[in-house]
Amino acid sequence: MQVETLLLAIPVIYLALQWSALRRMRDGWRLAATFPVIAMLFALFLFVLGILTNASMAAMWLVLGLPVATLYLLCLLPLHWLVSRD
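Scope of this entry: the structure provided in the associated data block. For clarity, every value in this text was computed on a predicted model and none was experimentally measured.

## Re the packing of helix α1 (residues 3-24) against helix α2 (residues 27-52)
As a packed pair, α1 and α2 sit with axes 9 Å apart at the nearest point and diverge in direction by 145°. You can see that α1 and α2 cross each other, and the crossing is left-handed. Contacts between α1 and α2 involve Y14, Q18, A21, L22 and R23 from the first element and R30, A33, T34, P36, V37 and M40 from the second. For the contact of α1 with α2, a count of residues per class yields seven nonpolar, two polar and two charged.

What follows is the structure, given as C-alpha cells:
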C-alpha cells in the first residue's frame, strides 16, 4: 500500500472506527470514544472559520487532528475488547 493511498484512507478508517466505537461501547468507554468526535468537530469549526477569514493554514487542524483521532481509536477499541472480555 502506498503512502498516498493510506493518507486517503485515513478519513474512511476514522469514520468506521468512530461509528464502531460509539455503537459498541457503553458508560465510561463511550465517553472516552466521544473525545475524538469533539476534537474533530472543533477542528472542523476552526477549518470553517479559517476559510471564512481567508486564513492560509485553515486545513491544518483537520490534517493534523484526523490521524491523531484515528490512532486514538485504534488504541481504544482493542483496549476495550481486552478489558470487557470477561
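That shown, we press on.
## Details of a nonpolar patch on the surface
On the surface, L31, F35, I38 and Y72 cluster together to form a nonpolar patch covering roughly 410 Å² of accessible area. The element that contributes the greatest number of residues to the nonpolar patch is α2, accounting for three residues. When you line up the elements, F35 lands in helix α2. A relative accessible area of 48% places F35 in the partly exposed class.

Rules used in this analysis
- Residues numbered from 1 in each chain as written.
- Predicted model: local features only at pLDDT ≥ 70, side-chain atom pairs only at ≥ 80, totals over all residues.
- Heavy atoms only, no water.
- Axes fitted to C-alpha atoms, helices over the stretch in contact; angles between N-to-C directions.
- Helix = DSSP H or I, 4+ residues; strand = E, 2+ residues; numbered from the N terminus.
- Left-handed = near helix turned anticlockwise from the far one by under 90°.
- Contact = heavy atoms within 4.5 Å.
- Nonpolar A, V, L, I, M, F, W, Y, C, P; charged D, E, K, R; others polar.
- Patch = residues over 30% accessible without salt bridge, like charges linked within 9 Å, V, L, I, M, F, W, Y side chains within 5 Å.
- Areas by Shrake-Rupley, 256 points an atom, 1.4 Å probe, with all protein chains shown as cover.
- Salt bridge = Lys/Arg side-chain N within 4 Å of Asp/Glu carboxyl O.
- Buried < 20%, exposed > 50% of the residue type's maximum accessible area, 1.4 Å probe, protein only.

That is the geometry; function is a separate question.
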